[in-house]
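If you want the building blocks of each chain, they are given just below.
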Amino acid sequence: MNDKELRALVERMVADLMGQAPTPQVKGADYHPMEPGPASEGGELSDIAGVDLRRLYLVQNPKNGPAFLELKAKTPARLGMGRAGARYKTETMLRMRCDHAAAQDSVFSHVSDDFVKAQGYVPLHTLCKDKDEYLTRPDKGRRFDEEQQALIQKTLGHAPKVALVVGDGLSSAAIEANAADCMEAIRAGLKSYGIDAGPTLFVKYCRVGASDHIGELTGAEVVCMLVGERPGLVTAESMSAYLTYGAHIGIPESKRTVISNIHRQGTTAVEAGAHIAELIKTMLEKKASGIELARGVGA
């Protein structure tokens with residue numbers, strides 16, 4: 001490179017830094033704005049969250065694409081996302097940010113009062129006064145004040161066979177997506193077994209340990225709690241069921257039976273509800289839950 005060529009290069013770089021010319025790598029004529037994606041009938045862009053991750057395969061020119069898609073159908077993990085140079089593709093990054101935002105929203109939002117009312121649940125709340133305290137003081141999410149204790153005892157009475165509870169937990173979205181169908185299936189199953197279940201409680205700012213306080217207050221044989229689980233990037237709608245025989249404050253966690261991953265891509269709400277009803281029947285017969293139930297069933 002001679003002096004004239006070097007001078008021309010320096011001048012172009014200075015002009016580029018001053019915003020007076022495109023960079024040598026990207027010329028102005030090569031730039032085109034992103035075209036909008038396919039729109040719905042209403043003229044809105046399609047929802048990126050609506051794409052099933054198990055069907056999203058962005059690798060260009062794969063060696064055996066159909067075989068990889070068959071494997072991807074078994075998991076919502078982010079596999080086969082392709083790359084743009086050394087980076088994620090734009091679609092991959094946007095979907096990750098979308099899923100992360102949905103997870104955050106689920107943690108910090110509340111289950112709608114209209115939802116609780118429509119299901120006929122009896123509303124309660126733990127000692128937590130707001131969402132911040134719920135997230136920072138788990139202990140308060142396991143206990144009720146005297147007024148709430150009295151309401152629990154009045155609603156469920158003394159020594160019911162089953163206490164059915166729905167708690168918001170760490171995912172309001174999980175409850176609104178799954179609790180109604182799951183609880184309906186539980187009640188239908190219990191009815192078929194001749195097991196009477198009273199009103200369903202709804203606990204705001206709820207931790208799993210709140211079920212122990214409910215058991216101690218009422219003397220319920222089995223406490224069944226549906227609760228929203230901590231959301232992740234795969235789904236913000238995962239719910240779990242915690243079933244405890246003879247629940248009381250201080251009971252070991254090993255004495256709980258848990259059904260997890262209740263959501264559209266896992267165990268469906270209706271299927272889980274039928275299984276939970278059968279488990280409750282077994283617990284009442286065996287007078288056990290958790291590890292003790294597993295040992296009894298296997299004996």
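Remember, it's a predicted structure, so these values are computed and weren't measured experimentally.

Asks: I keep staring at the overall build of the protein chain and nothing clicks. Help me out?
Replies: For the protein chain, the helix and strand inventory stands at 10 helices and six strands. Burial analysis of the protein chain (299 residues in total) assigns 37% to the buried set. Contacts spanning at least 24 positions in sequence make up 66% of the contacts within the protein chain whose residues lie at least 6 apart. Working note: accessible area of the protein chain is about 17,500 Å², and carbon and sulfur atoms make up 53% of it.

Asks: I'm lost on the packing of helix α7 (residues 172-192) against helix α9 (residues 269-286) in this one. Help?
Replies: Any two packed helices are characterised by the angle at which their axes cross and by the distance between the axes. Between α7 and α9, the least distance of the axes is 7 Å, while the angle of their chain directions is 40°. One finds that α7 runs oblique with respect to α9. In this structure, α7 meets α9 at a crossing whose hand is right-handed. Between α7 and α9, the contacting residues are N178, D181, C182, A185, I186, G189 and L190 on the first element and A269, V270, A272, G273, A274, I276, A277 and I280 on the second. For the contact of α7 with α9, the class distribution of residues is 11 nonpolar, three polar and one charged.

Asks: How should the pairing of strand β3 (residues 201-204) be read in this particular structure?
Replies: Walk down a regular strand and you will see the side chains alternate between the two sheet faces. In this structure, strand β1 (residues 122-125) lies alongside β3, joined through four bridges in parallel fashion. Bridging from a neighbouring strand, V122 pairs with L201 of β3. Pairing analysis gives three bridges linking strand β2 (residues 162-167) to β3, with the strands arranged parallel. Bridged to V166 within β3 is F202. Between β2 and its parallel partner β3, the chain crosses via α7, and the hand of that crossover is right-handed.

Asks: Even after reading the chapter, I still don't get the environment of S109, so can you show me in this structure?
Replies: By the secondary structure assignment, S109 is in the loop between α3 (90-108) and α4 (113-119). Taking C-alpha positions, S109 is 8.1 Å from S171, a pair spaced 62 residues apart along the chain. Once residues lying within four places of it in the same chain are set aside, the contact partners of S109 are K131 and S172. Looking at S109, its side chain comes within polar contact range of the main-chain oxygen of D105, at 2.6 Å. A distance of 2.6 Å separates a polar atom in the side chain of S109 from a polar atom in the side chain of S172.

Basis of the calculations
- One numbering rule holds for all chains: residues counted from 1, following each sequence as written.
- With pLDDT at 70 or above as the cut-off, local features in this predicted model cover only qualifying residues; side-chain atom pairs require 80 or more to be listed or tallied, and sums for whole chains, interfaces and linings still use all residues.
- Water and hydrogen atoms play no part in the side-chain values, which are based on all heavy atoms of the structure.
- Strands here mean DSSP runs of E at least two residues long; helices mean DSSP runs of H or I at least four residues long; both are numbered from the N terminus.
- Only protein chains enter the accessibility calculation, which uses a 1.4 Å probe; a residue is then buried when its area is under 20% of its type maximum, exposed when over 50%, and partly exposed in between.
- Contacts between residues were defined by any pair of non-hydrogen atoms, one from each residue, lying within 4.5 Å.
- The method behind every accessible area is Shrake-Rupley, applied with a 1.4 Å probe, and residues are considered shielded solely by the protein chains displayed.
- For helices, the fitted axis covers only the stretch in contact; all axes are lines through C-alpha atoms, and the angles between them, taken along N-to-C directions, range from 0 to 180 degrees.
- Should an angle lie under 35 degrees it is considered roughly parallel, over 145 roughly antiparallel, and from 65 to 115 roughly perpendicular; all remaining angles are considered oblique.
- Should the near helix be turned anticlockwise from the far one by less than a right angle, the crossing is left-handed, and should it be turned clockwise, the crossing is right-handed.
- Polarity classes work like this: nonpolar for Ala, Val, Leu, Ile, Met, Phe, Trp, Tyr, Cys and Pro, charged for Asp, Glu, Lys and Arg, and polar for all others, with Gly in that last group.
- Two strands make a pair as long as DSSP finds a minimum of two bridges between them.
- A crossover gets the label right-handed when its path from the first strand over the helix to the second runs clockwise, viewed with the strands pointing away from the viewer.
- In the analysis that follows, any N or O atom pair within 3.5 Å is treated as a polar contact, provided that within protein one partner can donate a hydrogen and the other can accept it, and provided that, for residues neighboring in sequence, both atoms belong to side chains.

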